Amino acid sequence: MSTKKTISDSKDIKSFTGPDFYNHVAGKSIYVDDIPAMEGMLFVKVFDSVIAHGKILSLDYTAAEQLEGVVKIFSAKDITGENQIGGIIPDEPLLADGEVHFCGQPVLLIAAETEDAAEEAYHKIKVEYDPLPVITNPREAFAKGKLLTSSRKFQLGDTTAAFKNCTYVFEGTTEVNGQEHLYLETQGAYAYPTEHNSVRVYSSTQGPTQVQKTVARVLGIGMNQVEVDVARLGGGFGGKEDQASAYAAMAALVAYVLKKPAKCILNRMEDMRMTGKRNPYSSDFKIGLDKELKILAYEVTHYQNGGAAADLSPAILERTLFHSTNSYNIPNVLATAHSCKTNLPPNTAFRGFGGPQGMYVMECAIDYVAKQLGVTADIIQRKNLLKDGDEFSYGQIVSACEAESCWDKLEKEVSIEKIKEEINAFNKENKLIKKGYSLMPICFGISFTNTMLNQARALVHVYLDGSIGVSTGGVEMGQGLNAKMMQVAAKEFGVSLIRIKVESTNTSRVVNTSPSAASSTADLNGKAVQDACKQIQERLVPFIKQELSIGINDTIYFVQDILYVNGIATTHNWKQLIAIAYVKRINLSAKGHYATPVINFDKTTEKGHPFAYHVYGTALTKVTVDCLRGTYELDTVKIVHDAGASMNPAVDIGQCEGGLVQGIGWMTMEEVVYNENGKLLSNALSTYKIPDIYSVPNEIDIEFLKTEKDNLAILKSKAVGEPPLMYGIGAYFAIRNAVLAFNPNTNITYHAPITPEKVLMGLYSKK
Ligand code: MTE
Ligand code: HPA
Ligand code: MOS
């Protein structure tokens, strides 16, 4: 069998997941730690705080620094520029200066010739702390006035007046825990000094420009002296949108000061204890409905656990508000959110960016109403789904809405009534095994909520042999971006995919990049690629017409490298015509730019049109709970997902499956546990459980709602990175429903994740 398969073997786009798929499985793809070490490379190890809050009384690292192989130990005072890495708010030092605010906070950097020497030095360092009170709970932080940023409030209609007209009003409290990113590739960077007082940094980051900016700031040099290069990430999931900058700055600082190559890569346990995670939230809701079960009013207050520094939490807080009403039309809304400062590692972006946390509360509120009124939640959900012309609490008017169409397509294929009957019959028959189901509609806004970030650039080169190089500001992290960028360029030019190579993401080639995040990378960078390709086309077309004596009114284009004139294939091809174009001195390179039109948001009124469009979908989840053991199995998840006109179903299905399973993990089994001293107890893979092949649903069935409606998505192929995560919320309610089938008097609270332990306690508890 040939092992030399290349992308040319997969002309069928249905199976084209990108240029890397063989290299990935063969272990040939290069990640930061695979970059060949240069002569004299130093290893950088972080010495971090063992307490969550306190004053540093003394730091003694003389003995450590004298060990053989140890070159230098850096403290805050060795930083050549500013000791500051805060992205949105400048509230986070790179190295602790006088005080520590969380367990795992970097205090010193050990630069050594070998990893062993660095490790030995680590154990020789002596620090004395004067402990200060530790807060891990966001409500306690709020009560003590510890906020990371000002609180936010979204308001639509008048909830106070509306509650008076409600037949039913219910209130409740919910808790949702964080989530460890657990990207396969841990945080890390490799840096070396270059000419003119500059550095080149290879970073595992979603935000090359964020890294460039942070490194420049910490080193005290210009951004033009910092070149950041990213080939790909072994996963980011939001964890490398902001937090990669710290490790890049550490490697760069050592390289810059010692004039040697330096590598700083965290091992798994360091990564788990030092880096922030998905923000946990504690929330209060009040929901009011009329007698037809239409939701008239919804009030919600979110207490976000931000951790010890702002990081991206202020932006995450905002997205929680944007998604507080999920997929429902609610005419009167009052949503408040507080970003609370605690002594945990600064929490950060994680797939969904606060949206899932907001949507979870909404679903709890509906579930609670359903239980109180003795109906199933799907009755309330379906009645209140968004429609065109409805208004979101932030003022955007709903358009091209697919909430009902996704739900109804699913319902057409599986009768919810029948499922209810089957499950009820099963539960009657079986004493110790119970089944449950749930529906989970989603609605997710596409665009960075910070309007400024919705811009991108691309650099497209057509080389004189007809091959094409594409650079964008987007980072490949497993989400299939490079596949999509190749498709866009191939389509624009009319050439075959094998002509195109997507280059690494490099801040000297494409500048001022927005992070690859908000599910917007393909939309933004794809449109920038289109723009660059169009510019080259505009130069090529008149040239070819003149060269081949084709009339100016004739249409010419390429299909799979062949030139067509007025729809008829010619004997001319791309490669041959590019060679001539070069000889005739045609500019074969272009820089493209894209900025999303229409979008805007006014933070003073909290109103606007922040999203280019929304993505919808509905999931049906069926589970079986073992009521003797508290364990459960996910039987089926059936999804109808609004993909628009998917440009790459293989990639997009993969994103749906991966997002779903990651969401299920967050809602069911992944439990981040800190003790009251702020120490992470779930600090290794032995104590933090993520879904494996045995815990994924026995059946996952994803169907696309195919639409060709006009939207701002790239090639009308809607963004898909984050939305599917929220289907996983359905698993939580399906399991909860099975617990209730066994024990209607359970005291199980709305506290996610619903781990087997919580299920077991819930099965045998009383209100
Ligand atoms: N898929 C893989 N395989 N690895 C990742 O790190 N990140 C997710 C999602 N899917 C991620 C992923 C997150 S958090 C986002 S925002 C999007 O991909 C980012 O890529 P996109 O903008 O191209 O969708
Ligand atoms: N989503 C994801 N990442 C972000 C956003 C957002 O809306 N804003 C800033 N970073
Ligand atoms: Mo994704 S959380 O926007 O990186």
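Residues numbered from 1 in each chain as written. Chains lettered and ligands numbered in written order. Predicted model: local features only at pLDDT ≥ 70, side-chain atom pairs only at ≥ 80, totals over all residues. Heavy atoms only, no water.

**Comments concerning the side chain of aspartate 78**
Working step 1: Position of aspartate 78 relative to the elements: it lies in the loop between strand E3 (70-74) and strand E4 (99-100).
Working step 2: In terms of polar contacts, aspartate 78 uses its side chain to reach the backbone amide nitrogen of serine 75, at 2.8 Å.
Working step 3: Beyond its immediate sequence surroundings of up to four residues, aspartate 78 is in contact with Tyr61, Lys72, Ile73, Leu253 and Val257. (Helix = DSSP H or I, 4+ residues; strand = E, 2+ residues; numbered from the N terminus. Polar contact = N/O pair within 3.5 Å; in protein donor to acceptor, adjacent residues only side chain to side chain. Contact = heavy atoms within 4.5 Å.)

**A short note on the domain arrangement of the chain**
Accessible area lost upon the coming together of the parts serves often as the stated size of an interface.
Working step 1: As assigned here, the chain comprises domain 1 (7-30 + 455-595) and domain 2 (400-449 + 611-767).
Working step 2: Summarising the inter-unit geometry, the C-alpha centres of domain 1 and domain 2 are found 38 Å apart.
Working step 3: Listed as interface residues are 26 residues of domain 1 and, on the opposing side, 21 residues of domain 2.
Working step 4: With both sides pooled, the region where domain 1 packs onto domain 2 buries about 1,700 Å², and carbon together with sulfur makes up 59% of that total.
Working step 5: Where domain 1 touches domain 2, the interface holds one salt bridge. (Domains from an automatic or database assignment. Buried area = accessible area lost by both parts, 1.4 Å probe. Salt bridge = Lys/Arg side-chain N within 4 Å of Asp/Glu carboxyl O.)

**Side note on unusual backbone geometry**
A negative phi angle characterises most non-glycine residues, just as the trans form characterises most peptide bonds.
Working step 1: Following alanine 752, the chain continues to proline 753 via a peptide bond in cis, the omega torsion being 5°.
Working step 2: By the secondary structure assignment, proline 753 is in the loop between strand E30 (751-752) and helix H19 (756-763).
Working step 3: Phi is positive for glutamate 606, close to 55°, though the residue is something other than glycine.
Working step 4: Assignment of secondary structure puts glutamate 606 in the loop between strand E25 (600-602) and strand E26 (607-609).

**Details of the sheet that holds E4**
Working step 1: Taken together, three strands build an open sheet; the order of strands is E4-E2-E6 and the sheet is antiparallel. Unpaired on one side and paired on the other, E4 and strand E6 (126-131) mark the two borders of the sheet.
Working step 2: Two elements, strand E2 (residues 54-60) and E4, share two bridges in a ladder whose sense is antiparallel. Residue pairing in the sheet places lysine 55 in a bridge with glutamate 99 of E4. (Pairing = 2+ DSSP bridges.)

**What about the packing of helix H10 (residues 355-373) against helix H18 (residues 729-742)?**
Working step 1: One way to put it is that H10 packs onto H18 with a least axis distance of 10 Å and a crossing angle of 25°. On the basis of their axis angle, the class for H10 and H18 is roughly parallel. The element H10 and its partner H18 pack so that their crossing is right-handed. Note on element contacts: H18 touches H10 through Ile729, Tyr732, Phe733, Arg736, Asn737 and Leu740, opposite Pro356, Met359, Tyr360, Glu363, Cys364, Asp367 and Lys371. (Axes fitted to C-alpha atoms, helices over the stretch in contact; angles between N-to-C directions. Parallel < 35°, antiparallel > 145°, perpendicular 65-115°, else oblique. Left-handed = near helix turned anticlockwise from the far one by under 90°.)

**Quick word on the nonpolar core**
Working step 1: Judged by nonpolar contacts, the single largest core of 102 residues is most densely connected at Ile287, Tyr298, Tyr360, Tyr616 and Ile729.
Working step 2: When residues of this core are assigned to their parent elements, the largest contribution, nine residues, is made by H10.
Working step 3: Residues contacting isoleucine 729, with those up to four places away along its chain left out, are Pro356, Met359, Tyr360, Met440, Trp666 and Met667.
Working step 4: Core analysis: the second largest hydrophobic core is formed by 47 residues, Ala489, Leu540, Ile544 and Ile714 among them. (Core = buried A, V, L, I, M, F, W, Y, C linked by side-chain atoms within 4.5 Å. Buried < 20%, exposed > 50% of the residue type's maximum accessible area, 1.4 Å probe, protein only.)

**Some words on the site of ligand 1**
Working step 1: Taken together, the neighbourhood of ligand 1 is formed by 17 residues, with Gly236, Phe237, Met477, Thr521 and Gln655 sitting nearest.
Working step 2: Glycine 478 is positioned with one of its backbone polar atoms (N or O) 3.2 Å from a nitrogen atom of ligand 1.
Working step 3: Here an oxygen atom of ligand 1 and a side-chain polar atom of glutamine 479 are 3.1 Å apart.
Working step 4: Its free accessible area being 520 Å², ligand 1 has 92% of it covered by the protein chains.
Working step 5: In terms of residue class, the shell around ligand 1 is built from five nonpolar, ten polar and two charged.
Working step 6: Counting only domains with at least three residues in the shell around ligand 1, you end up with domain 1 (7-30 + 455-595) and domain 2 (400-449 + 611-767). (Near = heavy atom within 4 Å. Areas by Shrake-Rupley, 256 points an atom, 1.4 Å probe, with all protein chains shown as cover. Nonpolar A, V, L, I, M, F, W, Y, C, P; charged D, E, K, R; others polar.)

**Brief notes about the pairing of strand E11 (residues 226-230)**
Working step 1: With five of five residues buried, E11 is to be regarded as a mostly interior element.
Working step 2: Here E11 shows two buried faces, one formed by Val226, Val228 and Val230 and the other by Glu227 and Asp229.
Working step 3: The pairing of E11 with strand E20 (residues 505-506) spans two bridges and is antiparallel. Looking across to E20, one finds that aspartate 229 is bridged to asparagine 506.

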